Amino acid sequence: MTPWDKPLRRRGLVLLFAAAAAHAGGDAARGEQAYEARCSGCHSVQADRIGPRHAGVLGRRAGSVPGFDYSPALQHSTIVWTAPLLERWLADPEALIPGQRMGYSVPDAAARADIVAYLGTLKP
Ligand code: HEC
């Protein structure tokens, strides 16, 4: 090992930990951008569109926005949206709630964490 290897490696480790921490928590500012890019074609925060409004979604029972025309599957689901469940929904909605009607998913785990962090900031 050359003398300058060690600090370099240590810096690499620190970066690795920083990346892991950012991922676990998600970044709401990045999530807002991802939401605009990926979700706003069908959803908005305050209004129902092709999908239901997202204000207050964290902690809300799935399929419970009054007046929104949900699939029976989502309407009858007993799930209450938590961050881990929202991540599973975004990864594969059909796997979480078979028969649902959202034809969209987010394969990238870091993007999912960011989006869920952003959803958590949307108060009812
Ligand atoms: C192609 C349109 C479309 C896109 C794009 C889309 N959604 Fe949806 N979403 C829907 C529809 C339709 C439903 C209702 C599904 C049902 O009734 O089974 C839904 C439902 C949901 C729900 C459940 C809400 C509730 O009230 O229970 C969440 C959470 C959600 N979407 C999040 C997202 C996020 C976050 C994105 C962006 C990453 C996204 N969706 C992108 C159409 C879409």
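You'll find the structure just up there.
Residues numbered from 1 in each chain as written. Predicted model: local features only at pLDDT ≥ 70, side-chain atom pairs only at ≥ 80, totals over all residues.

J.: Please provide a residue-by-residue account of the site of the ligand, values included.
T.: Within the structure, the ligand sits among 26 residues, and Cys39, Cys42, Gly51, Ser71 and Met102 are positioned closest to it. The element that contributes the greatest number of residues to the shell around the ligand is helix H4 (residues 83-91), accounting for three residues. (Near = placed C-beta within 6 Å. Helix = DSSP H or I, 4+ residues; strand = E, 2+ residues; numbered from the N terminus.)

J.: Which residues make up the packing of helix H2 (residues 28-38) against helix H6 (residues 109-119), and what values do they have?
T.: Packing of H2 against H6 brings their axes to within 7 Å, and their N-to-C directions diverge by 100°. Classified by the angle between their axes, H2 and H6 sit roughly perpendicular to one another. From H2, Ala28, Arg30, Gly31, Glu32, Ala34 and Tyr35 reach across to H6, where they touch Ala111, Asp114, Ile115, Ala117 and Tyr118. Taken together, the residues of the contact of H2 with H6 sort by class into seven nonpolar, one polar and three charged. (Axes fitted to C-alpha atoms, helices over the stretch in contact; angles between N-to-C directions. Parallel < 35°, antiparallel > 145°, perpendicular 65-115°, else oblique. Contact = placed C-beta atoms within 7 Å. Nonpolar A, V, L, I, M, F, W, Y, C, P; charged D, E, K, R; others polar.)

J.: Just give me the short version of the environment of Leu90, but keep the residues and values in it.
T.: Here Leu90 shows up in helix H4. Take Leu90: there are 24 C-beta atoms within 10 Å of it, and that puts it in the buried class. Spatially, the C-alpha atoms of Leu90 and Val116 are 8.9 Å apart, while their sequence positions differ by 26 residues. For Leu90, the residues in contact, after removing those within four places along its chain, are Ser105, Val106, Arg112 and Ile115. (Buried ≥ 20, exposed ≤ 12 C-beta atoms within 10 Å, placed from the backbone.)

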